[in-house]
Every structure is written in structure tokens, then in C-alpha cells.
Amino acid sequence: EPLICYTRKDSVKLTVVNNSGMEISAYHWNDSLSTTSEAIVLPKVSTTYTVHADSKYGRCHGPEASVTVNVIEPVDASIKADVESICQTGAAKVILTAQSKAGVETPMFIWWDGMKTKDSIRIVAPDTTTTYWVATSNSACVQAGNDSVTVTVAKPAKVTLTTANKVYEYNR
């Protein structure tokens, strides 16, 4: 059975296969989807579609065929950094934590670098200001770039220290 993600864009093309060898004169879909052997559907919830056909001769109704298109909701994600600003020392680490919104279990997190993990934590050590994003994937739904966080990397202040040496000489 087909599985789609409800994104208001995913559609499914349903096609009737004539296994009888008889010519078909008409197709009858539930909800009058189409009068041809194909129908394009965009369901918002899981829906069962049925069709039957009339043979060209005798207007004989064939048995119904059905298919259920299952629809799942996409899962949004959020990402947080334990600190959003670090100093460019090369030693500073940032802990990124991803979470599926509304507490929904997320089978997979997709990270900015293409890595896919079930683990919701990544540790990074940026040397320049970087934006990190995370998306989720659950079966048919892949949400690209659901949430992001920017970690600012500041350059350390450069200072020099000078001393004022005065040499005093005195004669004895």
C-alpha cells in the first residue's frame, strides 16, 4: 500500500490494470475521481479508493478493486546549542541537541552535513561562525532544514605587553 507524506504537495497516481483481456467501456471510481483508467489523488488522511469497470459488451460490471493510500504527518524538529558563542581557540566544543517537536518519536535526524542518525546529539568545534540545521525523516516524510542554530565564533583579543624600562645611572 502506498505511503505518502502530507505536505500538500504529495500526490499518488492510481492506475487500473485490465487483467480480463476485455475492452473496457467505462471506469467508475468512488467519489467520481475520474472516468478513465487513471486518477491522481492528493489525500489529507489515509483513504481507500475503489474502482470497477464495465466491459464494452453487455455493460457487465466487474468486481471492485481497491487500494488504501496511507498518509502520515511530517515531524518538525528543533535544534539547540548549549552555547551560541565561543572563542576561536580550537579547543571550544559546542553540544548540539535535536528534538522532534511535540514529543513525537523521530526515526531519523538528518544533519547539515548529510549524516543520518537516531542519536539526537552532535558535538562540533567550529573555527568560524557556522549555521547548523537538522531535519527529520519518518518513513515517507523528509523535512529538509526544519530548524537551525548559528554558533558565533569570536576571534580572541590580541594584546601585547610592553614595559617602560628606565635606566638610571648615578655616579658615586
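Refer to the structure printed above.
This next bit is on the pattern of salt bridges. Considering all chains together, one arrives at 2 salt bridges under this definition. Arg122 serves as the salt-bridge partner of Asp113, at 2.7 Å between the closest nitrogen and oxygen.

Ranked by internal contacts, the top residues of the largest apolar core, which has 15 residues, are Ile79, Val94, Leu96, Tyr132 and Val134. Listing elements by their share of this core, those giving two or more residues are strand S7 (77-81), strand S9 (94-100), strand S10 (108-111), strand S13 (130-138) and strand S14 (141-154). One finds Ile4, Leu14, Ala53 and Val69 within the second-largest nonpolar core, a separate group that totals 13 residues.

With that out of the way, let us pick up the packing of aromatic side chains. For the structure shown, the criterion picks out 3 aromatic pairs. Arranged with centres 5.9 Å apart and planes meeting at 90°, the rings of Trp111 and Trp112 form a pair that is edge-to-face. Classification of Trp112 as partly exposed rests on a relative accessible area of 23%. A ring pair is formed by Trp112 and Tyr132, whose centres lie 4.6 Å apart and whose planes are at 75°; its orientation type is edge-to-face. Placement of Trp112 in the loop between S10 and strand S11 (116-117) and of Tyr132 in strand S13 is noted, with a sequence separation of 20 residues between them. Classification of Tyr132 by relative accessible area gives buried; the value is 4%. Chaining the aromatic ring pairs together yields one cluster made of Phe109, Trp111, Trp112 and Tyr132.

Moving on, we come to a nonpolar patch on the surface. A cluster of nonpolar side chains, contributed by Ile95, Ile121 and Ile123, occupies part of the molecular surface with about 260 Å² of accessible area. Accessibility expressed as a relative area gives 34% for Ile95, which makes it partly exposed.

As a further point, take the pairing of S9. Of the two faces of S9, the one lined by Val94, Leu96, Ala98 and Ser100 is fully buried and the one lined by Ile95, Thr97 and Gln99 carries no buried residue. Of the pairings in the sheet, the one linking S9 to strand S12 (residues 121-124) comprises 4 bridges and is antiparallel in character. Residue pairing in the sheet places Val94 in a bridge with Val124 of S12.

Let us look at the environment of Tyr57. With respect to the helices and strands, Tyr57 occurs in the loop between strand S5 (47-55) and strand S6 (65-72). On a C-alpha basis, the gap between Tyr57 and Ile24 in space is 8.5 Å, while along the polypeptide they are 33 residues apart.

Pairing is mixed across the open sheet formed by 4 strands, whose spatial order is S1-S6-S5-S3. The open sheet is flanked by strand S1 (3-5) and strand S3 (24-29), the only strands paired with a single partner. Taken over all neighbouring pairs, the strand axes of this sheet differ in orientation by 25° on average, direction set aside. Note: S1 against S6, 3 bridges, orientation parallel. Within S6, the residue paired with Cys5 across the bridge is Ile72.

Turning our attention to the sheet that holds S12. The strands that make up a sheet are held in pairs by hydrogen bonds between backbone atoms, and each pair lies either parallel or antiparallel. Strand order in the open sheet made by the 3 strands is S7-S9-S12, with antiparallel pairing throughout. Each having just a single partner strand, S7 and S12 make up the two edges of the open sheet. Direction aside, neighbouring strands of the sheet carry axes that sit 20° apart on average.

Criteria and thresholds
Residues numbered from 1 in each chain as written. Predicted model: local features only at pLDDT ≥ 70, side-chain atom pairs only at ≥ 80, totals over all residues. Heavy atoms only, no water. Salt bridge = Lys/Arg side-chain N within 4 Å of Asp/Glu carboxyl O. Core = buried A, V, L, I, M, F, W, Y, C linked by side-chain atoms within 4.5 Å. Buried < 20%, exposed > 50% of the residue type's maximum accessible area, 1.4 Å probe, protein only. Helix = DSSP H or I, 4+ residues; strand = E, 2+ residues; numbered from the N terminus. Phe/Tyr/Trp six-rings, centres within 6.5 Å; stacked < 30°, edge-to-face > 60°. Patch = residues over 30% accessible without salt bridge, like charges linked within 9 Å, V, L, I, M, F, W, Y side chains within 5 Å. Areas by Shrake-Rupley, 256 points an atom, 1.4 Å probe, with all protein chains shown as cover. Pairing = 2+ DSSP bridges. Axes fitted to C-alpha atoms, helices over the stretch in contact; angles between N-to-C directions.

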